[in-house]
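Next come the chains, spelled out residue by residue.
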Amino acid sequence: MQVSLASPRPLTNRFIVVIPAYNAAQTIARAIGSVTTQRFDDLGIIIRNDLSTDDTGKICRRLFGIETAGGDFSATYAGKEILYIENSNKLYGGGNTYDSVMNWVHNPEAVVAVVDGDDHLLHPDAITRLSYAYRDADIWLAWSQHQSTALKASGQTGYSNPLPGDDIIYSSRQYWSVSHFRSCKAWLFGLIDPEDLKDPFTGEQFFRVAADAALLYPIIEMCGNMHSRFIDEVLYAYEDKLPTNEAAIYQGIQQEYTAFIRSKTPYRPLDHKAEAAGAFLAVDLTDRVKPMQRPGVPAFPAVVLPAPKKN
């Protein structure tokens, strides 16, 4: 294992997992272990300690043999590239994912997935199974089924489903299909208007609650059914009965946040990858349903994407 306490460098791996963690001392080792033991080549891992007040950071450092207290680090472990980042500001669940992609992922074609610090993957080939969807170059968004702790006693699995018809996707956000284990192409994050991620109730940069929905609805709408794939396999353990689960922490206000996010105007679908490249490079696409102020070109290297296929 190689460990560096120097400033971490951005990742360029083909598949990158973000692990956001807040007060996850009881579960973070299991979450990280379920990712580092994946039998998948070219894998990067970004661990975000979101101002934890327990021993989350200490445990992360111990896992990688670091004795010093505090600070970011990078490591190579079991052939995986690891970044550990201690936040200076509270980013919450979705903010950790968005900030990781925009600042620490320098491969626009990377597939980015999320494993929350209180959850874990159920199989060492979970990432391999999810990655199969991306063998089709037209797939930009893929997700699996999960096992919900809250539903397990009743014999049910989780909340993931195939997407509804496009007529529903672009007329209303009154559905929920893309839950854990979810992933998408990194360049999609660069097309989300940062204003759509801002907490309207506190003025903070990112939603405290339901931030995953604020990220996912635009991504689902840009991809549509044409560029999405649901994998009906249980690959992920969703520990929604733990007291550290976001839904448990913010139970009293979650409905209010979700209703606000669902009231937003849907994004227009991207018809093909060349159009996506145009949007990514800040070309003015005036017919987009959701009026967007481009946040500027993310810190990704230039990428040449193929022209749209002719019918």
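Residues numbered from 1 in each chain as written. Predicted model: local features only at pLDDT ≥ 70, side-chain atom pairs only at ≥ 80, totals over all residues. Heavy atoms only, no water.

1. Structural notes on the packing of helix H1 (residues 28–36) against helix H2 (residues 56–63)
Alright, step 1. H2 packs onto H1 with a crossing angle of 40° between their chain directions and a minimal axis gap of 10 Å. Compared by their axis directions, H1 and H2 come out oblique. For the pair H1 and H2, the crossing hand works out as right-handed. Across the interface between the two elements, Ile28, Ala29 and Ile32 of H1 pack against Thr56, Ile59, Cys60 and Leu63 of H2.
Alright, step 2. In terms of residue class, the contact of H1 with H2 is made up of six nonpolar, one polar and no charged. (Axes fitted to C-alpha atoms, helices over the stretch in contact; angles between N-to-C directions. Helix = DSSP H or I, 4+ residues; strand = E, 2+ residues; numbered from the N terminus. Parallel < 35°, antiparallel > 145°, perpendicular 65-115°, else oblique. Left-handed = near helix turned anticlockwise from the far one by under 90°. Contact = heavy atoms within 4.5 Å. Nonpolar A, V, L, I, M, F, W, Y, C, P; charged D, E, K, R; others polar.)

2. A word on the pairing of strand S2 (residues 15–21)
Alright, step 1. With seven of its seven residues buried, S2 lies for the most part within the structure.
Alright, step 2. What you see with S2 is no split at all: Phe15, Val17, Ile19 and Ala21 on one side and Ile16, Val18 and Pro20 on the other are buried throughout.
Alright, step 3. Pairing analysis gives seven bridges linking S2 to strand S3 (residues 43–49), with the strands arranged parallel. From the neighbouring strand, Phe15 faces S3, where its bridge partner is Leu43.
Alright, step 4. Regarding topology, H1 serves as the crossover connection from S2 to the parallel S3, and that connection is right-handed. (Buried < 20%, exposed > 50% of the residue type's maximum accessible area, 1.4 Å probe, protein only. Pairing = 2+ DSSP bridges. Right-handed = clockwise from strand over helix to strand, strands pointing away.)

3. Looking at the side chain of Ser160
Alright, step 1. Secondary-structure assignment places Ser160 in the loop between helix H5 (149–152) and helix H6 (166–169).
Alright, step 2. Overall, the relative accessible area of 1% leaves Ser160 in the buried class.
Alright, step 3. Within the local environment of Ser160, its side chain forms a polar contact with the backbone oxygen of Ser144, the two atoms lying 2.9 Å apart.
Alright, step 4. Setting aside anything within four residues of it in sequence, one finds Ser160 in contact with Trp143, Ser144, Gln145, His146, Ser177, Ser179, His180 and Phe230. (Polar contact = N/O pair within 3.5 Å; in protein donor to acceptor, adjacent residues only side chain to side chain.)

4. Describing empty space enclosed by the protein
Alright, step 1. Enumeration according to the criterion identifies four cavities of 30 Å³ or more in this entry.
Alright, step 2. Estimated volume of the largest cavity: approximately 120 Å³.
Alright, step 3. Lining the largest cavity are Thr97, Val112, Val114, Arg182, Ser183, Cys184, Phe189, Asp212, Leu215, Leu216 and Ile219.
Alright, step 4. Taken together, the elements giving at least two residues each to the lining of the largest cavity come down to strand S6 (111–114), strand S9 (182–185) and helix H7 (211–223).
Alright, step 5. Broken down by element, the residue count for the lining of the largest cavity peaks at four residues, all from H7. (1 Å grid on protein atoms, 1.4 Å probe; cavity = no way out; pocket = protein on both sides within 12 Å on 5 of 7 lines; lining within 4 Å. Points joined across faces, edges and corners; volume = space filled by probe spheres on them.)

Scope: geometric values only; no functional claims are made or implied.
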